[in-house]
Each structure stands twice: as structure tokens, then as C-alpha cells.
Amino acid sequence: MNKTTREKGLGLWMSTSLVVGNMVGAGVFLMPAALATYGGISIFGWIASATGALVLAKVFSKLSVLVANKSGGPYAYTKAAFGDFMGFLIAWGYWISIWVSNAAIAIAFVSALSVFIPILEESSFISIITALSAIWFLTWLNSRDIRESGKMQLITTVLKLAPLVLIIFGGFFFFNVDNFLPLNASDTSSFGAIAITATMTLYAFLGIESATIPAENVQNPKKTIARATMIGTIVTTIIYILGTVAVMGMIPMLQLAQSPAPFADAMGIMTGEWGRNLVAAGAAIAAFGALNGWILVMGQVPRASAKDNLFPRIFKKENSNGMPILGIIIGSALTSLVMLMNYSEGLVGKFRFLILLTTLCTLVPYLFTSAAYLLIMAEKKLGANKRWSVIALGGIAFLFSLWAIYGAGEKAVFWGFILLLTGIPFYILMKKRNKEVD
């Protein structure tokens with residue numbers, strides 16, 4: 001990509017909003033209720049998962065400099081360290097996981113929107129039309145210019161964070177520390193409660209890698225990507241932890257555990273009904289923004305792989321705006337098909353199975369990225385102190401990623417592994433075709 005094109009790419013704030021926007025989805029608005037069962041000790045679970053996420057973000061920041069000017073994020077780093085085969089498997093599983101997950105995000109958007117448009121709960125047809133409209137409007141937007149998508153991401157990120165920030169600052173005026181007692185409300189040990197809640201919350205950090213993926217479309221990528229990844233992860237961590245603390249301090253744990261909309265209930269205490277609607281709007285915007293960000297990423301990963309002749313050439317075809325148009329369209333078409341399964345009687349179970357199937361593929365890239373960092377740095381001449389700091393950083397990130405995979409459960413790991421293996425025949429076909437071309 002030439003300098004002129006890069007100057008039209010994503011700047012620091014757009015890249016940061018891609019990280020924050022892809023992590024903060026509609027599901028986060030429900031998290032305090034899920035954690036309330038375990039009591040105030042769940043805050044330590046947030047801190048544990050956030051610590052691992054920040055270490056992982058640091059690894060991505062380091063690799064964005066070590067493997068500079070190369071789009072694809074986890075794919076590019078894995079390929080640089082382990083070669084074509086592992087790079088392909090990471091790209092294969094990651095790409096599939098994005099278009100399957102986008103279907104779930106589109107459904108979450110419709111669900112959040114139903115607060116304002118009740119007919120969405122009553123009519124599957126209108127729900128389908130609404131979800132498809134969101135998917136294809138954002139597909140069109142992402143086909144125009146990467147800065148158009150970046151602007152949308154920045155706007156939706158600011159709007160989705162606004163009600164959360166209001167609750168964080170306003171909530172402490174309605175704060176009751178007694179709501180955190182007993183500290184451990186579960187039947188398990190304190191360590192066990194922290195471990196469980198940390199596992200529950202670590203999935204809220206999926207998307208850390210977002211700024212690394214469109215590297216070739218980022219202004220001054222060596223500096224911008226590293227900064228955006230760290231700033232985005234830090235901002236998200238602060239919002240998650242302080243937001244949960246504020247809500248738990250406002251609503252008694254037993255009541256909170258039964259709440260279908262904990263942030264809305266907290267805002268209702270502060271402002272009344274209009275505040276509830278503000279949070280509901282924030283949840284809908286959160287899903288819409290996340291969908292925009294992941295559609296952007298969805299076209300970038302197969303394009304990077306296609307440029308390395310590991311995906312079909314169709315995925316690297318760009319329109320006049322420099323966007324991987326066919327890759328985006330193919331991904332959105334697959335997203336639409338998966339989304340329709342959720343509204344088809346008899347296929348809902350298969351839709352849920354697909355979500356389970358792709359869980360592993362969202363986590364394995366973190367494991368290989370951590371290992372790639374260790375391997376790439378091992379090839380450099382380092383002093384003793386530097387060597388140990390590299391081992392500590394990469395080792396903690398690797399163990400955190402391994403723990404995340406373990407926390408996914410044996411069923412998700414089994415089927416996710418099968419999904420990765422299904423990519424092998426496609427890899428063989430690509431290699432065979434490349435030899436014939438040569």
C-alpha cells in the first residue's frame with residue numbers, strides 16, 4: 001500500500017475505537033447480573049481476566065512493531081513464526097468464527113432494539129428484515145472506504161460508552177457498600193469463585209487484536225497499532241470494572257442476580273424511566289457498532305491470506321476504494337445464512353452449535369500469537385534481563401490463552417479442533433494450485 005493510501009487510513013482514535021467497539025458489545029450490559037450470583041468477590045474475577053487481557057494486548061502491541069506493515073493480525077504473526085500451514089489454520093478458523101459470531105451480534109442488535117420496537121419480539125419476519133438490513137447496510141458502508149467504517153466505529157463507540165460512563169460517575173452517589181456483603185455469595189471457595197468469574201469475564205475481552213488486523217490501512221502503523229491496542233484495552237478494562245462496581249453498589253445482589261437489564265435498572269435509580277431507555281439505546285448501539293467493526297475485520301483476514309496465496313484469489317480483489325469487496329460480501333452472505341438459522345424452526349439448535357463450534361477458533365489465535373512472540377524474540381540477540389522480560393510477558397500471555405481455552409469447556413474444544421482440521425483439505429488444494437501456477 002502506498003503512502004498516499006495509508007494516509008487515508010485509520011488514525012489513532014479510529015483504531016482505538018475499533019478495539020473498544022469490538023470488545024464492548026451488547027452482552028456486557030448483562031454481565032453484572034451474571035456475576036451477582038457470586039457476590040462482590042466477582043470484581044476480583046474481573047481484575048484477574050483484565051490482567052491477562054492487558055498482558056496479551058502488550059504482546060499484540062510488540063508484534064505490531066516486530067511484524068510491521070502486515071495485515072492479518074494473529075494470522076500474520078503466526079505465519080511469520082510457524083510458517084504457512086499454521087498461519088492458514090489460524091486464518092481459516094478465525095475467519096469462520098467472525099462470520100458466525102456476526103450472526104449472533106445481529107440477533108443481539110434486534111433484541112436490544114425490541115425495547116423501542118416491540119413488534120420485533122412478536123414478528124420473526126420483521127426481526128429477520130431488521131437484522132439483514134443492519135448486516136447489509138454495514139457491508140455497504142465497509143465497501144466504501146475504510147475511513148467511513150472508522151468514522152462509524154468512532155461514533156458508535158462514543159455513544160455506547162456514554163451511558164456506562166454516566167452510571168460510573170453518577171452511581172457512586174447512590175452507592176451502598178453493604179451490597180457487596182457477603183463478599184462470596186456462592187457455595188464454592190473464594191479462590192474457586194474468582195476462577196469461575198474470571199473465566200466468565202475473559203470472553204468480554206475478545207477483540208483485543210482488532211487494530212492489528214487492518215495494519216496496511218492504518219496511518220503510521222508501527223506507532224498507531226501499538227498505542228491503539230493498549231489504550232483500547234485499558235479504557236475497556238476501566239469501563240468494565242468500574243461499571244460493575246457501580247451497578248453492584250447500587251442494587252442489592254439478590255435483586256441484581258434476577259435483573260434482565262442491570263445497567264438499565266441502575267440508570268433508572270438515578271434518573272427514572274428516560275435513563276432506562278438511554279441504556280437500552282446504548283445496548284443497541286453497542287451491538288450495531290460491534291457488528292460494523294467485525295465486518296471490517298471479516299474482509300481483512302482472508303485478504304491478507306489471499307495475498308500470501310493461502311486463500312482463493314477472489315478474497316484479495318479490491319474495489320476502487322481499496323476495500324476487499326468480494327471478501328466482505330461473501331462473509332456477510334454467510335453471516336446472513338447463519339442468522340436465518342436462528343429464526344428457522346428446527347435449526348435453532350444448529351445455530352447454537354455453530355456458536356459453540358467457533359468458540360475455540362476465537363481463542364486459539366491468542367495462544368499462537370503468544371507463542372509467536374516468544375519464537376520471534378528467541379531469534380534475536382538479547383541481554384539476560386531483556387530475555388527474562390520477554391519470557392515473562394510471552395509466558396503469561398500463553399498461559400492466559402491456554403486457560404481461556406480450558407475455560408471454554410471440553411465440548412467447545414473438541415468441536416473447535418474438528419473445525420480447524422476441516423481446513424486441511426483446503427490448504428492442500430491451495431498449495432497444489434500454487435504449484436500448478438508456478
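Residues numbered from 1 in each chain as written. Predicted model: local features only at pLDDT ≥ 70, side-chain atom pairs only at ≥ 80, totals over all residues. Heavy atoms only, no water.

Draft legend 1. Inspection of the nonpolar core at higher detail. Core analysis: the biggest nonpolar cluster contains 133 residues, and Trp46, Phe109, Ile167, Phe205, Ile208, Tyr240 and Leu291 have the highest contact counts within it. In this structure Leu291 touches Asn102, Ile105, Ala106, Ala134, Ile135 and Leu138, once residues within four positions along its chain are discounted. (Core = buried A, V, L, I, M, F, W, Y, C linked by side-chain atoms within 4.5 Å. Buried < 20%, exposed > 50% of the residue type's maximum accessible area, 1.4 Å probe, protein only. Contact = heavy atoms within 4.5 Å.)

Draft legend 2. Up close: the side chain of Ser401. As for its position among the elements, Ser401 is in helix α17 (residues 384-407). By relative accessible area, Ser401 is classed as buried at 2%. At 3.5 Å, the side chain of Ser401 forms a polar contact with the backbone oxygen of Tyr366. In this structure Ser401 touches Leu56, Tyr366, Leu367 and Ser370, once residues within four positions along its chain are discounted. (Helix = DSSP H or I, 4+ residues; strand = E, 2+ residues; numbered from the N terminus. Polar contact = N/O pair within 3.5 Å; in protein donor to acceptor, adjacent residues only side chain to side chain.)

Draft legend 3. Summary view of the pattern of salt bridges. Scanning the entire structure with this criterion turns up nine salt bridges. Put simply, Asp84 and Lys79 hold a salt bridge, and the shortest N to O gap is 3.5 Å. Of the charged contacts, one joins Asp265 and Arg276 as a salt bridge, the two residues approaching to 2.6 Å between their closest N and O atoms. Of the two residues, Asp265 is situated in helix α13 (residues 262-271) and Arg276 in helix α14 (residues 273-307); the sequence distance between them amounts to 11 residues. (Salt bridge = Lys/Arg side-chain N within 4 Å of Asp/Glu carboxyl O.)

Draft legend 4. How the structure looks around the packing of aromatic side chains. A full pass over the atoms with the stated rule returns 24 aromatic pairs. Where Phe175 meets Phe180, the ring centres are 5.6 Å apart and the plane angle is 35°; that geometry is what we call tilted. Taking the relative accessible area as the measure of exposure, Phe175 reaches 29% and is therefore partly exposed. Using a relative accessible area of 12% as the deciding quantity, one classes Phe180 as buried. Grouped by ring-pair contacts, the aromatic residues Phe85, Phe88, Trp92, Trp95, Trp99, Phe311, Phe315, Phe426 and Tyr427 constitute a single cluster. (Phe/Tyr/Trp six-rings, centres within 6.5 Å; stacked < 30°, edge-to-face > 60°.)

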